[in-house]
Amino acid sequence: MQRVRHRQLELAVAANPPKGGRGKAGVLGIPEAKAWLRHIAGAKGPNDLAAEVIDTGRLLERIASGPVMAQALLNVAANKGAPGEDGQPVEEVVSNVRSLLPKLQHALLTGSYRPGDVRRVWIPKPGGKGQRGLGIPNVIDRWVQEATRLVLEPIFEPLFHGSSHGFRPKRGAQTAIAEAKRYVEEGHSVVVDLDLSKFFDRVNWQRLLARLAQRVSDKRVLSLIHCMLKAKVVMPDGTKIRVVEGTPQGGPLSPLLSNVVLDELDWELDRRGLRFVRYADDANIYVRSRRAGERVMESVRRFIEGRLRLKINEEKSSVSHPGKVHFLGFRLVTLRDGSVHVYLSERSHRRIMQRIGELTPRTWGNSLEACIEQADAYLRGWEAYFDLCSRPAASRWPHYDAHLRRRLRMIVIHQRKRPRYLYRHLKRRGVSKDSAAATAWSRQGIWAKSNMRGMHRAYPNAWFAERLMSLWETWKRRHPRQSDIQPVIDGQQYLLALG
């Protein structure tokens, strides 16, 4: 493979390609390039494209085929990921797809393709405890990984255990929590909470490739995956590290490989007759007594460390009650009447309160509308994930709505700088002279002012309802049968109590 400025494939493109059309070197505009890719991919879905494969001894030809490669690049472009170590953005690869595709296909089929280095970035872990390392491959490598995933996933997916929910089609946190809730309702009220320590960094390549070889007879594909695993990692300070184990998080193929590794654990737990739910490297095993839980914890630890050559994170693993265990952001609480309800975990509660504060800083320098738009986007994603919370848990959501509205009112006060400017602003918003003066010239701080009558008159809840998603109102619309009872405490009363 030729390298130009550390690029994996030489780009024969104009220095300033014309927008929306083809240049002299075949450069396409993004919409035109995507339309061309969709035409090559055809009307079939990605799983249908790969499911046609029967002979696993010739999988590389399928991976390098036009329809699979086209669909793979469309998927990579949809993810809008950051550039890799070579600095090549997704848009540039998409624009040059007509010249890049035949080069990449030839490189794959002749065995001359070599993955580039992986850029390591650090992101904070949820809760602010430490950092998690992500590996960002070059866009060309993500393209190849996604094509490989599209072909391999339909081969392995039918073999995975039904209690595995992470990174699988039509499965996710919602299906995992539903299964866990069923086990608790059946009387398995003790949970063995397992967390694998640095799982993605400790996957044993020999065992992984051996598991893949059980279903993939094309040694060229196994060699291709091995090359991907061996790609050097470039640290933020520029240091290159040679890796000998692990599957770096950040690549499209890594989730599938992790499920291939841990599928052995799933079937071992099934062989022992245990009820469990696994999502990636987090697994919960449900038993009837604490004594049974401690026994299971010890035996499973021996299997994981001895057979899989992985390690359990002792700090995050425990034998406990489902109501105390944080699993995918939720916890399962059994009420006095014996009913089991899905609650937010305390960690998730702290996280949303922290995030609301981050989205609405007191010193916000942009318009209030821009702040509302940013907060609204976060709330919509948050609500879509946590929508399965049951009625007792959702009664806490009006507090989040009210807290966010109060912080937005606080921004209004801070942006007015002086009491007389705030007074004039409130008057323009239709607030009476007395109420505006009492709010503007109050000797209390900005936080206290944000909850005064003048601010509520100027920016009532109805004003926010037209511009900002309400978690509580959205939950009630989606769960009409459970929403006929008012929250335990009104959000406004809650904030007054805090003030």
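These numbers were taken from a predicted model, which means no experiment stands behind them.

Participant: I'd like to hear about the overall build of the protein chain, residue by residue, with values.
Facilitator: Within the protein chain one finds 24 helices and 10 strands. Counting the 499 residues in the protein chain, one finds 52% classified as buried. Entry remark: accessible area of the protein chain is about 24600 Å², with carbon and sulfur atoms responsible for 50%.

Participant: Would you mind going over the pairing of strand β3 (residues 190-195) in detail, with residue names and values included?
Facilitator: For β3, the tally of buried residues reaches six of six residues, placing the bulk of the element in the interior. What you see with β3 is no split at all: Val190, Val192 and Leu194 on one side and Val191, Asp193 and Asp195 on the other are buried throughout. The pairing of β3 with strand β7 (residues 282-287) spans six bridges and is classified as antiparallel. Looking at the pairing, Val190 lines up with Val287 of β7. Judged from the three bridges that link them, β3 and strand β8 (residues 318-320) form a sheet pairing that is antiparallel. Within the sheet, the bridge partner assigned to Val191 lies in β8 and is Ser320.

Participant: Explain the sheet that holds strand β1 (residues 118-124) residue by residue, including any values.
Facilitator: With respect to topology, four strands assemble into an open sheet ordered β2-β1-β4-β5, the strand pairing being mixed. The strands lining the two open edges of the sheet, one partner per strand, are β2 (131-136) and β5 (240-241). The sheet contact formed by β1 and strand β4 (residues 233-234) spans two bridges and is parallel. For Val118, the partnering residue across the bridge sits in β4 and is Val233.

Participant: Residues and numbers for a positive patch on the surface, please.
Facilitator: Together, Arg114, Lys230, Lys232 and Arg242 give the surface a local cluster of positive charge. Mapped onto the elements, Arg114 comes out in the loop between α6 (97-110) and β1.

Participant: Describe helix α17 (residues 397-415), and please don't skip the residues or the numbers.
Facilitator: Here α17 is 19 residues long and its end C-alpha atoms lie 28 Å apart, about the 27 Å a rise of 1.5 Å per residue gives. Burial analysis of α17 places 17 of its 19 residues in the buried class, which makes it a mostly covered element. Of the residues one or two after α17, Lys417 is the one with positive phi, at around 65 degrees.

Participant: I'd love a proper account of the nonpolar core, names of residues and values included.
Facilitator: Within the largest apolar cluster, 81 residues are counted, with the highest numbers of intra-cluster contacts made by Trp143, Leu194, Leu212, Ile225, Ile285 and Ile304. Sort the elements by how many residues they give to this core and helix α7 (residues 139-156) lands first, with 10 residues. Residues within four places of Ile285 in sequence aside, it is in contact with Val190, Val191, Val192, Leu194, Leu269, Leu274, Arg275, Phe276, Val296 and Val300. The next biggest cluster of nonpolar side chains, apart from the first, holds 55 residues, and it includes Tyr343, Leu368, Trp397 and Phe464.

Participant: Give me the sheet that holds β8: which residues, what numbers.
Facilitator: Taken in spatial order, the four strands of this open sheet run β6-β7-β3-β8, and their pairing is antiparallel. Of all strands in the sheet, those with a lone pairing partner are β6 (275-279) and β8, marking the two edges. Going across the sheet, the axis of each strand differs from the next one's by a mean of 20 degrees, ignoring polarity. Sitting on the sheet, helix α13 (residues 290-306) touches β3, β7 and β8, and the angle it makes with β3 is about 20 degrees.

Participant: Give a description of the packing of helix α1 (residues 30-41) against α6 that names residues and reports values.
Facilitator: In a pair of packed helices, the angle between the axes and the distance between the axes together describe the arrangement. One can describe the packing of α1 onto α6 by two numbers: an axis separation of 11 Å at closest approach and a directional angle of 40 degrees. Between α1 and α6, the angle falls in the class oblique. Residues Ala33, Trp36 and Leu37 of α1 pack against Val97, Arg98 and Leu101 of α6. Among the residues making up the contact of α1 with α6, the classes are represented as five nonpolar, no polar and one charged.

Participant: How would you explain the side chain of His161 if you had to name every residue and give the values?
Facilitator: Along the polypeptide, His161 turns up in the loop between α7 and α8 (173-185). The buried category is assigned to His161, whose relative accessible area is 8%. If we skip the residues at most four places from it in the chain, His161 touches Arg168, Asp263, Asp266, Trp267, Asp270 and Phe276.

Participant: Describe the packing of aromatic side chains, listing the residues and the values that go with them.
Facilitator: Scanning the entire structure with this criterion turns up 14 aromatic pairs. A centroid spacing of 5.9 Å and a plane angle of 80 degrees characterise the contact between Trp382 and Tyr400, whose relative ring orientation is edge-to-face. Pair noted here: Trp382 is in helix α15 (residues 368-386) and Tyr400 is in helix α17, with a separation of 18 residues, a long-range link. In terms of burial, Trp382 and Tyr400 fall into one category: buried. Note on Tyr459 and Phe464: the rings are 6.5 Å apart at their centroids and 40 degrees apart in plane angle, and the pair reads as tilted. Each member of the pair, Tyr459 as well as Phe464, is classed as buried. Aromatic ring contacts, followed pair by pair, group Phe330, Trp382, Tyr385, Phe386, Trp397 and Tyr400 into a single cluster. In this structure, Arg355 is placed above the aromatic ring of Tyr378, and the distance from its NZ or CZ to the ring centre is 5.7 Å. The ring of Tyr459 carries Arg429 above its face, with NZ or CZ at 4.5 Å from the centroid.

Participant: Give me the lowdown on the environment of Val216, citing residues and values where you can.
Facilitator: With respect to the secondary-structure elements, Val216 resides in the loop between α10 (205-213) and α11 (219-229). Note on Val216: relative accessible area 2%, which makes it buried. Sequence-distant contacts of Val216, defined by excluding residues within four places in its chain, comprise Thr56, Leu59, Leu152, Phe156, Val221 and Leu222.

How each quantity is defined
Residues numbered from 1 in each chain as written. Predicted model: local features only at pLDDT ≥ 70, side-chain atom pairs only at ≥ 80, totals over all residues. Heavy atoms only, no water. Helix = DSSP H or I, 4+ residues; strand = E, 2+ residues; numbered from the N terminus. Buried < 20%, exposed > 50% of the residue type's maximum accessible area, 1.4 Å probe, protein only. Areas by Shrake-Rupley, 256 points an atom, 1.4 Å probe, with all protein chains shown as cover. Pairing = 2+ DSSP bridges. Patch = residues over 30% accessible without salt bridge, like charges linked within 9 Å, V, L, I, M, F, W, Y side chains within 5 Å. Salt bridge = Lys/Arg side-chain N within 4 Å of Asp/Glu carboxyl O. Lys, Arg positive; Asp, Glu negative; His and termini not counted. Charge placed at Lys NZ, Arg CZ, Asp CG, Glu CD. Expected span 1.5 Å × (residues − 1). Core = buried A, V, L, I, M, F, W, Y, C linked by side-chain atoms within 4.5 Å. Contact = heavy atoms within 4.5 Å. Axes fitted to C-alpha atoms, helices over the stretch in contact; angles between N-to-C directions. Parallel < 35°, antiparallel > 145°, perpendicular 65-115°, else oblique. Nonpolar A, V, L, I, M, F, W, Y, C, P; charged D, E, K, R; others polar. Phe/Tyr/Trp six-rings, centres within 6.5 Å; stacked < 30°, edge-to-face > 60°. Lys NZ or Arg CZ within 6 Å of the ring centre and 35° of its normal.

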